Amino acid sequence: FNTQTTGRIASILMMEDTPEKLQYLRSFSRWIDYGCRPALGLSGSFKVDGGAFHHRNNYPAYAVGGLDGAVNSVWLLQDSEFEISRQSHENLKFALLTMRKYCNLVTWPLSLSGRHPDGKGKLIPWHYARLAEVGSPDKTEKIDTELASAYLRLNYGKKDSYSKKFTKAGIIPEKAPEGNWGI
């Protein structure tokens, strides 16, 4: 998702409107959908427990790039015949919400840094805002309040367009996650 989504979708969208273009859009949608489903074993990418695997480990340094492609694709395909399944949307959302727990606030621990042990690895708050704009996976909310609330906390109270939109909708920053979680 990190290196291939933008090029793939751009190549498809540049095509003339033909049955072949429709076929490619459906294939792209299916690729994103399957890639956001829970991955088995040590395979990449998003796990049922919220981990984001690469190189057979929970690897947030690679996850943030993959989340760019996944979140942008889900946002782009929303409310169309090409949108991803509820299961995939829920799994992607859970991976984001899990990341904000082990990063608390935005920097992941050195123990999850893999070959990037410089202490500079951070989650990207706008992933939460962009996916929140898609709405809840069950389609009951136009703005996913859980993701928007997480974004407001992670974004340090900055007043950007997402923050203004979410605040205007009555969403407040979440409390910092604490405690232990099981699945």
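Refer to the structure printed above.
Enquirer: I tried to follow the pattern of salt bridges on my own but got confused; where do I start?
Expert: Note that side chains of opposite charge can pair when their charged atoms are close. For the structure on display, the rule yields 12 salt bridges. The closest approach of N and O atoms between D17 and K21, which form a salt bridge, is 2.9 Å. We classify D17 as exposed; its relative accessible area is 72%. Between D144 and K93 there is a salt bridge; the shortest N-O distance is 2.9 Å. Within this pair, whereas D144 is found in the loop between α5 (125-134) and α6 (145-154), its partner K93 is found in helix α4 (residues 86-103), the two being separated by 51 residues in sequence. The residues D144 and K93 share a single accessibility class, namely buried. Look at the salt bridges and you will find they share partners, linking D79, E83 and K139 into a network.

Enquirer: Sorry, what's going on with the packing of helix α2 (residues 19-36) against helix α3 (residues 60-77) here?
Expert: How two helices pack is summed up by the angle between their axes together with the distance between the axes. For the pair α2 and α3, interaxial distance at closest approach is 11 Å and the crossing angle is 130°. When the interaxial angle is binned, α2 and α3 end up oblique. Handedness of the α2/α3 crossing: left-handed. Between α2 and α3, the contacting residues are F28, S29, I32 and C36 on the first element and A70, S73, V74 and L77 on the second.

Enquirer: Just to check I follow, could you spell out the packing of α3 against α5 for this structure?
Expert: In the contact formed by α3 and α5, the axes pass within 9 Å of each other and the chain directions differ by 20°. In terms of orientation, α3 lies roughly parallel with respect to α5. α5 is crossed by α3, and the crossing has left-handed handedness. Across the interface between the two elements, V64, L67, D68, V71, N72, V74 and W75 of α3 pack against W126, H127, R130, L131, E133 and V134 of α5. Classifying every residue of the contact of α3 with α5 gives 8 nonpolar, 2 polar and 3 charged.

Enquirer: When you look at the layout of surface pockets in this model, what are you seeing that I'm missing?
Expert: The gaps of empty space that remain are located by a probe, the size of a water molecule, rolled over the atoms. The computed volume of the largest pocket comes to approximately 340 Å³. Taken together, the elements giving at least two residues each to the lining of the largest pocket come down to α2, β1 (53-54) and α3. In terms of residues, the lining of the largest pocket owes the most to one element, α3, which gives 3 residues. Here the lining of the largest pocket is composed, by residue class, of 8 nonpolar, 7 polar and 1 charged.

Enquirer: For this particular structure, what's the right way to read α5?
Expert: Along an α-helix, a turn takes 3.6 residues, which lines up residues three or four apart on a common side. A large share of α5 lies buried, amounting to 8 of its 10 residues. What α5 keeps buried is the set P125, H127, Y128, A129, R130, L131, A132 and V134. Buried residues belonging to α5 abut α3, α4, α6 and α7 (161-168). Residue G135 follows α5 closely and has a positive phi angle near 100°.

Enquirer: Is there a simple way to think about helix α1 (residues 5-13) in this case?
Expert: For α1, every residue scored as buried is listed here: T5, I9 and I12. Each buried residue of α1 lies within a common arc of 60° when the element is viewed along its axis, so the set occupies one face.

Enquirer: Any chance you could explain the nonpolar core here in plain terms?
Expert: A general trend in soluble globular proteins is that nonpolar side chains are found buried together. Core analysis: the biggest nonpolar cluster contains 44 residues, and F46, L92, M99, Y128, L131 and F166 have the highest contact counts within it. Among the elements of the structure, α1, α2, α3, α4, α5, α6 and α7 are those that each provide at least two residues to this core. In this structure, L92 is in contact with C36, F46, L67, A70, V71, V74 and L131, ignoring residues within four places of it in sequence.

Rules behind the numbers
- Along each chain, numbering runs from 1 in the same order as the chain's sequence is written.
- Only residues with pLDDT of at least 70 are given local features in this predicted model, and only at 80 or more are side-chain atom pairs given and counted; all residues enter the totals for whole chains, interfaces and linings.
- Derived side-chain values reflect all non-hydrogen atoms in the structure, with water molecules and hydrogen atoms excluded from consideration.
- Each reported salt bridge corresponds to a side-chain nitrogen of Lys or Arg within 4 Å of a carboxyl oxygen of Asp or Glu.
- Residue burial is assigned from relative accessible area. The probe radius is 1.4 Å, only protein chains are included, and a residue is buried under 20% of its type maximum, exposed over 50%, and partly exposed in between.
- Numbering of helices and strands runs from the N terminus; a helix is a DSSP stretch of H or I covering at least four residues, while a strand is a stretch of E covering at least two.
- Convention adopted: a line fitted to C-alpha atoms gives each axis, helices being fitted over their contacting stretch, and angles between N-to-C directions are expressed from 0 to 180 degrees.
- Angles are sorted into four bins: roughly parallel if under 35 degrees, roughly antiparallel if over 145, roughly perpendicular if 65 to 115, and oblique for all others.
- In this scheme the handedness of a crossing depends on how the near helix is turned from the far one: anticlockwise by less than a right angle means left-handed, clockwise means right-handed.
- In this analysis, two residues are considered to be in contact whenever any of their non-hydrogen atoms come within 4.5 Å of each other.
- Residues are grouped as follows: Ala, Val, Leu, Ile, Met, Phe, Trp, Tyr, Cys and Pro are nonpolar; Asp, Glu, Lys and Arg are charged; all remaining types, including Gly, are polar.
- In this analysis the probe radius is 1.4 Å and the grid spacing 1 Å, with only protein atoms considered; a cavity is a set of points the probe fits into but cannot get out of, a pocket is an open set with protein on both sides within 12 Å along at least five of seven lines, and lining residues have an atom within 4 Å of a point.
- Grid points are joined across faces, edges and corners, and a volume is the space filled by probe spheres set on the points.
- Here, the arc refers to the directions that run from the helix axis to the C-beta atoms.
- The definition of a nonpolar core used throughout is a set of buried Ala, Val, Leu, Ile, Met, Phe, Trp, Tyr and Cys residues joined through side-chain atoms within 4.5 Å.

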